[in-house]
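Next come the chains, spelled out residue by residue.
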Amino acid sequence: MGLLDKATKLAAAAREQLETAREQLDDVHARRAASSVRPAASEPLDDHEKRVVRRAIANGAPDPATLLSCAQASAAIGRELGGPNLTYDDRSIGVAYEASGRADEYWRVEANSWHGDEDGFDAAGFFQDAIADVVAGEPVEGVGDRAVYDGRRLYVLATPHLIHVEARTPDGTSVEQATVVARCVLENLCG
């Protein structure tokens, strides 16, 4: 074996060691980034929130715990999330799953179902009056009966249900991720 052959063999071994070191370093960076993400804790419902849930269910909302699982929410955005935590307003109730990381990184998936009051709820009429006629957004095909994405939330009519979902990552929101979440919610609601 000549000097040139030995040098070529040493260079190949050095390249292989360098590539192995790069792979190990990449793996350390990936593990460090993953370990810096903190899923949010699930908070137990207080008495007021329990009354809100009972009222919403009495007025036609599904149990918010049935809308979306943590595993579904995490899979939709590719990040382990914590929760669920209750979200609600006068017309909707749902769940949110969250995680935070370094440098103000934030992930959140939220799924809500709209409901009526003691006079009932017409999901299609409400979608037309409160969303289609009011929300500036783009129609989304292939999810529910009708859907509109406003750049942050995806509103979906799947008669008799009206839902809205949101999927937020440090990169922003996307209609694709929101659509994945909406399909999970509709599958859970409609089977």
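Remember, it's a predicted structure, so these values are computed and weren't measured experimentally.

J.: Help me understand the environment of Ile77 in this model?
T.: Tracing the chain through its elements places Ile77 in helix α3 (residues 70-77). For the pair Ile77 and Arg168, spaced 91 residues apart in the sequence, the C-alpha separation amounts to 8.1 Å.

J.: Just to check I follow, could you spell out the nonpolar core for this structure?
T.: As a rule of thumb, nonpolar side chains are buried together in soluble globular proteins. In this structure, Leu68, Leu154, Val165 and Val185 are the most contacted members of the largest nonpolar core, which totals 31 residues. Broken down by secondary-structure element, the contributors of at least two residues to this core are α3, β3 (92-100), β4 (106-114), β6 (146-149), β7 (154-158), β8 (161-169) and α5 (175-190). Ranked by the residues each element gives to this core, the list is headed by α5, at eight residues. Setting aside chain neighbours within four positions, we find Val165 in contact with Glu110, Ala111, Arg152, Arg153, Leu154, Ala178, Val181, Ala182 and Val185. With ten residues, the next largest nonpolar core counts Trp114, Ile131, Tyr155 and Leu162 among its residues.

J.: Quick question: what am I supposed to make of the environment of Thr173 here?
T.: As for its position among the elements, Thr173 is in strand β9 (residues 172-173). When the C-alpha atoms of Thr173 and Trp107 are compared, they prove to be 9.8 Å apart, with 66 residues separating the residues in sequence. Of the polar contacts made by the side chain of Thr173, one reaches the side chain of Tyr149; its length is 3.0 Å. At 2.7 Å, the side chain of Thr173 forms a polar contact with the backbone oxygen of Gly151.

Reading the values: the criteria
Residues numbered from 1 in each chain as written. Predicted model: local features only at pLDDT ≥ 70, side-chain atom pairs only at ≥ 80, totals over all residues. Heavy atoms only, no water. Helix = DSSP H or I, 4+ residues; strand = E, 2+ residues; numbered from the N terminus. Core = buried A, V, L, I, M, F, W, Y, C linked by side-chain atoms within 4.5 Å. Buried < 20%, exposed > 50% of the residue type's maximum accessible area, 1.4 Å probe, protein only. Contact = heavy atoms within 4.5 Å. Polar contact = N/O pair within 3.5 Å; in protein donor to acceptor, adjacent residues only side chain to side chain.

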